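Chain residues, written in single-letter form:
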Amino acid sequence: MRALSKDIVMNDTLTPFIDAHKTNKTHLTVENLNVHIYGKHILKKVNLSIPEKQITCIIGPSGCGKTTLLRCFNRLHDDNSEVKVTGNIRIGNEDIYGSHVEVTHIRKKMGLLAQRPTVLPMSIYDNVAYGPRLYGIKRRRKVYEIVKHQLMAVGLWEEVKDRLKSPAVRLSIGQQQRLCLARGLAVEPEMILGDEATSSLDPLASTKVEELFVKMKDTYSIVLVTHTLRQAKRIADYVAFMYLGELVEFGRAEEVFNNPKHKLTQQYLDGSFS
Amino acid sequence: MMGLSLFSIAVLLLIGLVLFLYSLPTLRDNNTFHLFFTSSWKPFKGEFGFGAFIYSTLYVTFIAIVMAFPPALLCALYMSEYATSTVKRVFSPVIDLLSGIPPVIYGVWGTLTIVPVISEKLAPHFVDFSTGYSVLAGGVVLAIMILPLIVSILIEVFTAIPKGIREASLSLGATKWQTVKKVILKKSLTGIVATVVLAVSRAFGETIAVLMVCGNFTDIPQSVFDACYPLPALIANNYGEMMSIPGYESALMFAAFLLFIIIVIFNAGSRLVLYRIKKNSQS
Ligand SMILES: Nc1ncnc2c1ncn2[C@@H]1O[C@H](COP(=O)(O)OP(=O)(O)OP(=O)(O)O)[C@@H](O)[C@H]1O
Ligand SMILES: [Mg+2]
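The structure displayed is predicted, hence computed values, not measured ones.

1. With respect to the nonpolar core
Across soluble globular proteins, nonpolar side chains show a tendency to be buried alongside one another. Counting 59 residues, the largest nonpolar core has B:Trp41, B:Phe50, B:Ile146, B:Phe158, B:Leu231, B:Leu234 and B:Tyr248 as the members making the most contacts within it. Mapped by element, the contributors of at least two residues to this core are helix H3 (51-82), helix H6 (135-159), helix H8 (176-187), helix H9 (189-205), helix H10 (208-213), helix H11 (231-238) and helix H12 (248-281) of chain B. Residues contacting B:Leu231, with those up to four places away along its chain left out, are B:Phe50, B:Phe53, B:Ile54, B:Thr57, B:Ala255, B:Leu258, B:Leu259 and B:Ile262. Membership of the second largest hydrophobic core comes to 50 residues, among which are A:Tyr125, A:Val147, A:Ala168 and A:Leu201.

Rendered as structure tokens:
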């Protein structure tokens, strides 16, 4: 076991950390991750192990760095020269920030769901086919099968099968978000990253997407940033609590929720601040 | 708002109407077919054939757009998608500055550089003789003039596209170039068309810079190395001198009316194109 950060804050998290290792294989490892944006220290020495085929929820007050952390995973900070990322992130045994690693290869391993659905300016069909076509799948039959399969996986097929060629923006917001999920799944990722993926949806659509996450954790490792504690309580297997750029506590959901190790976590869960 | 829009429509109609009324004598005294399709221009004899002027206007504008658009598009894509913030900080003001330079300066510059290059270096490879004052010179100067305009509007168009859409494409494993080709260009198609329309309208009406380098010779140019005479140049060169010749003023008014009509038709046509695109993509 690697020595973790010596921050006082971090010491308390050691126990659940080991716990996580015992029960589930680690899929994504974050070691000593530091992020500076415009010279400001945004993420401070984050160490984290995302377990395989589980739902990990990242919670914490606004501005604590949840989004920043998530975007490190698929290197979305690459294009912004004002963001400096140091430390080590591995998916499986592969170093995400390794000098020889293709960024497209890394991104293909993770499907990203944004806060608001971001459909591409094309038809429903082409949205899902976008990824597979990028990777050189040309045969119509094959593309069609992928599209159909993934639309079924997100429960959208019945709703859209008669209008696959119509622009994706005509779908409802909830449908659009599921379409984005299907689009992400079509590149056969290993992980799904969601950044408050249900926060712009109405309760019903939100529940649908939530159910999908639960269903999909048999196949994918899922990391969700969420603002709603209730949602985390409903679906999280593991919870990471962040505060002011530090990872304060990480562990199995029932541990963190029922018996938090750190005072800050307790206060956040009690609603003392948000 | 409504009132203002009505007002601007009224102004437009009024301009068109006044120009039309003033050009009535020309329309009455000449065979319409001759006006449009012949190029005999003899104000003293009362012969007014606008063929060469119309042709020159369209020709110069066409060359300018064809030459300016591709580099402008690439430049704008570079600035909005690839350039680091430092590069942007340096070049954005430069582009704005370029589009603010008065046309006459482009004209002088064209006379001093483009014209000699055409007459000495370029034309001898293709034709026996060229003064350099030509369709090509007009097109090149005009292209250089409208390039910064196109670039700065296109940058606006591209930066208006939400970041999330780029990130959606990138996070599916697309490269930047793939994202540009398949998403950015598609998303901004209406904006690009609108930009070209604006640039073309601007090019149609550009007077001084073109007038200084295009030779102002009333004949249908046989090649791009021949002189030409676009409508705005005709009006600017002769307005004020036409008082003594009967029918001349009306003929120049008719030239202005033609220019007006060309621009209105062109804009209406492109509205239609934009509408079609919007309807098809709904995005
Ligand atoms: N591109 C950027 N430029 C400047 N500062 C940034 C940028 N991105 C993030 N930050 C800063 O980094 C900190 C963390 O932001 P981040 O978006 O990761 O927080 P968050 O936990 O996702 O918050 P929220 O719950 O509100 O989404 C904030 O203080 C924010 O101002
Ligand atoms: Mg966030």
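From this point, the narrative continues.
2. Structural notes on the site of ligand 1
All names here are of chain A. The local shell around ligand 1 consists of Ile37, Tyr38, Ile42, Ser62, Gly63, Cys64, Gly65, Lys66, Thr67, Thr68, Glu196 and His227. Measuring from an oxygen atom of ligand 1, one finds a side-chain N or O atom of threonine 68 at 2.5 Å. A distance of 3.4 Å separates an oxygen atom of ligand 1 from a polar side-chain atom of histidine 227. Here ligand 1, which alone exposes 630 Å², has 64% of that area covered by the protein. Classifying every residue of the shell around ligand 1 by side-chain character gives 4 nonpolar, 6 polar and 2 charged.

3. With respect to unusual backbone geometry
The phi torsion at A:Tyr38 lies on the positive side, around 50 degrees, for a residue other than glycine. Within the fold, A:Tyr38 resides in the loop between strand E1 (26-37) and strand E2 (40-51). One non-glycine residue with positive phi stands out, namely B:Asn216, at about 50 degrees. Among the structural elements, B:Asn216 can be located in the loop between H10 and H11.

Scoring rules and cut-offs
Residues numbered from 1 in each chain as written. Chains lettered and ligands numbered in written order. Predicted model: local features only at pLDDT ≥ 70, side-chain atom pairs only at ≥ 80, totals over all residues. Heavy atoms only, no water. Core = buried A, V, L, I, M, F, W, Y, C linked by side-chain atoms within 4.5 Å. Buried < 20%, exposed > 50% of the residue type's maximum accessible area, 1.4 Å probe, protein only. Helix = DSSP H or I, 4+ residues; strand = E, 2+ residues; numbered from the N terminus. Contact = heavy atoms within 4.5 Å. Near = heavy atom within 4 Å. Polar contact = N/O pair within 3.5 Å; in protein donor to acceptor, adjacent residues only side chain to side chain. Areas by Shrake-Rupley, 256 points an atom, 1.4 Å probe, with all protein chains shown as cover. Nonpolar A, V, L, I, M, F, W, Y, C, P; charged D, E, K, R; others polar.

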